[in-house]
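# Structural description and commentary
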Amino acid sequence: MSRYQNIVILTGAGISAESGLSTFRGAGSLWDGHRVQDVATPEAFARDPDLVHEFYNMRRSNLLKVKPNAAHDALSRLEKRHNGSVQIITQNVDDLHKRSGSKNVLHMHGEILKARCRNCHKIFDWKKDLTEETTCPTCQTTPSLRPHIVWFGEMPLKMEEIEVALYTADLFLSIGTSGNVYPAAGFVAEIKNMGKAHSVELNLEPSEGQFLFAEGIYGKATKIVPEFVETLLKENP
Ligand code: BV8
């Protein structure tokens, strides 16, 4: 009987940092150049849609130039080889988990390679720049499309599936997140309150929620995540 059956993994910007995608907080981060309220809220988009489109167009084109790293690859290896369930819940809007082969990925903050129509609410795969002149391919209106992203003050996606996953978890991993943004930052407290799962934080440095985890492993994701996954697979043949 495997020691762990249902592994739930929360990831944040830190798992994609070594692929070359900026994190949000810390030196040289995304918020360095912008204030959240200017680029990542519905009010910001209503006030200055061109600035918000520009912020996401830059990140979308950056994403197309980078690739998954050893930490993403270790998690997709875990999903393939673990003889139980592995569910990734990501705060990231990049597609690097999918590109590295992970299948069970819930994007709670949306996906930057998707666009959504403000009029007909259709969601499209989208790799090009978005502007206020972009016409919706379905309802043909202009302006129409916005990034399929959850901004501050908007309801995160997949929350029902996420709650079920947290409820059934017997191992909860948190990788590359500062624990600043809710509801994601509150998942470890839910896990602790349920008292059923072991919890491990894997991060460059202790996060805001460090004391809520049973275990902390600190270092670069491309080093500590493959090592942790190999140990897990050895202990759970
Ligand atoms: C909601 C958009 C409710 C996508 C994002 C008080 C005041 C005001 C609001 C609130 C409040 N308390 C709670 C809230 C709500 C708010 C919130 O949490 N605010 C915070 C700032 C206090 N939350 C929301 O608004 C959420 N919605 O609550 O809705 C609701 C209820 C009913 C009806 C309607 C609504 C929505 C949250 C989503 C916001 N969107 N981004 C985008 O542009 O990408 S959040 C943004 O931060 C990103 O999505 C990102 O994923 C997320 C979290 O950041 P991290 O991933 O943790 O990244 P960060 O840079 O912070 O940390 C990186 C970590 O990696 C660091 O610890 C670093 O050490 C580590 N690292 C770096 N390099 C490496 C590494 N680790 C390992 N290896 C490395 N190489």
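Residues numbered from 1 in each chain as written. Predicted model: local features only at pLDDT ≥ 70, side-chain atom pairs only at ≥ 80, totals over all residues. Heavy atoms only, no water.

### Thoughts on the sheet that holds strand E5 (residues 123-125)
As summarised here, the arrangement of the three strands in space is E5-E4-E6, forming an open sheet in which the pairing is antiparallel. Of all strands in the sheet, those bounded by a partner on one side alone are E5 and strand E6 (145-149). Each neighbouring strand pair of the sheet contributes to a mean axis angle of 45°, computed without reference to strand direction. Relative to E6, strand E4 (residues 110-117) runs antiparallel, the two sharing four bridges. By the bridge assignment for E6, Gly-110 is matched with Ile-149. (Pairing = 2+ DSSP bridges. Helix = DSSP H or I, 4+ residues; strand = E, 2+ residues; numbered from the N terminus. Axes fitted to C-alpha atoms, helices over the stretch in contact; angles between N-to-C directions.)

### Quick notes on the pattern of salt bridges
Scanning the entire structure with this criterion turns up nine salt bridges. Across the pair Arg-3 and Glu-235 runs a salt bridge, and its minimum N-O distance is 2.9 Å. Here Arg-3, found in the segment before strand E1 (6-11), pairs with Glu-235, found in helix H9 (residues 221-235); they are 232 residues apart in sequence, far enough to count as distant. For Lys-223, the salt bridge is made with Glu-227, and the minimal N-O distance between the two is 2.9 Å. Taken together, the residues Lys-223 and Glu-227, both in helix H9 and four residues apart, mark about one turn of the helix. Looking at Glu-227, the relative accessible area reads 42%, which means it is partly exposed. Residues joined by salt bridges that share partners form a network here, namely Arg-35, Asp-38 and Arg-47. (Salt bridge = Lys/Arg side-chain N within 4 Å of Asp/Glu carboxyl O. Buried < 20%, exposed > 50% of the residue type's maximum accessible area, 1.4 Å probe, protein only.)

### Considerations on the site of the ligand
Taken together, 33 residues form the shell around the ligand, and within it Phe-24, Arg-25, Thr-177, Ser-178 and Glu-205 come nearest. Separating an oxygen atom of the ligand from a backbone N or O atom of Phe-24 is a distance of 2.7 Å. Between the ligand and the protein, one listed contact pairs an oxygen atom with a side-chain N or O atom of Tyr-56 at 2.8 Å. With the chains in place, 74% of the 1500 Å² that the ligand exposes on its own is no longer accessible. (Near = heavy atom within 4 Å. Polar contact = N/O pair within 3.5 Å; in protein donor to acceptor, adjacent residues only side chain to side chain. Areas by Shrake-Rupley, 256 points an atom, 1.4 Å probe, with all protein chains shown as cover.)

### Quick look at the side chain of Glu-132
Examined against the element boundaries, Glu-132 turns out to sit in the loop between E5 and E6. Overall, the relative accessible area of 13% leaves Glu-132 in the buried class. A distance of 2.8 Å separates a polar atom in the side chain of Glu-132 from a polar atom in the side chain of His-53. A polar contact of 3.0 Å, which involves the side chain of Glu-132, links it to the side chain of Arg-118.

### What about the packing of helix H5 (residues 70-81) against H9?
Taken N-terminus to C-terminus, the directions of H5 and H9 make an angle of 15°; their axes are 8 Å apart at the nearest point. As the angle between them shows, H5 and H9 are arranged roughly parallel. Viewed along their axes, H5 and H9 form a crossing whose handedness is left-handed. Contact with H5, carried on its side by Ala-70, Ala-71, Ala-74, Leu-75, Arg-77, Leu-78 and Arg-81, involves Ala-221, Thr-222, Val-225, Pro-226, Val-229, Glu-230, Leu-232 and Leu-233 of H9 and no other residues of that element. Partitioned by chemical class, the residues of the contact of H5 with H9 number 11 nonpolar, one polar and three charged. (Parallel < 35°, antiparallel > 145°, perpendicular 65-115°, else oblique. Left-handed = near helix turned anticlockwise from the far one by under 90°. Contact = heavy atoms within 4.5 Å. Nonpolar A, V, L, I, M, F, W, Y, C, P; charged D, E, K, R; others polar.)

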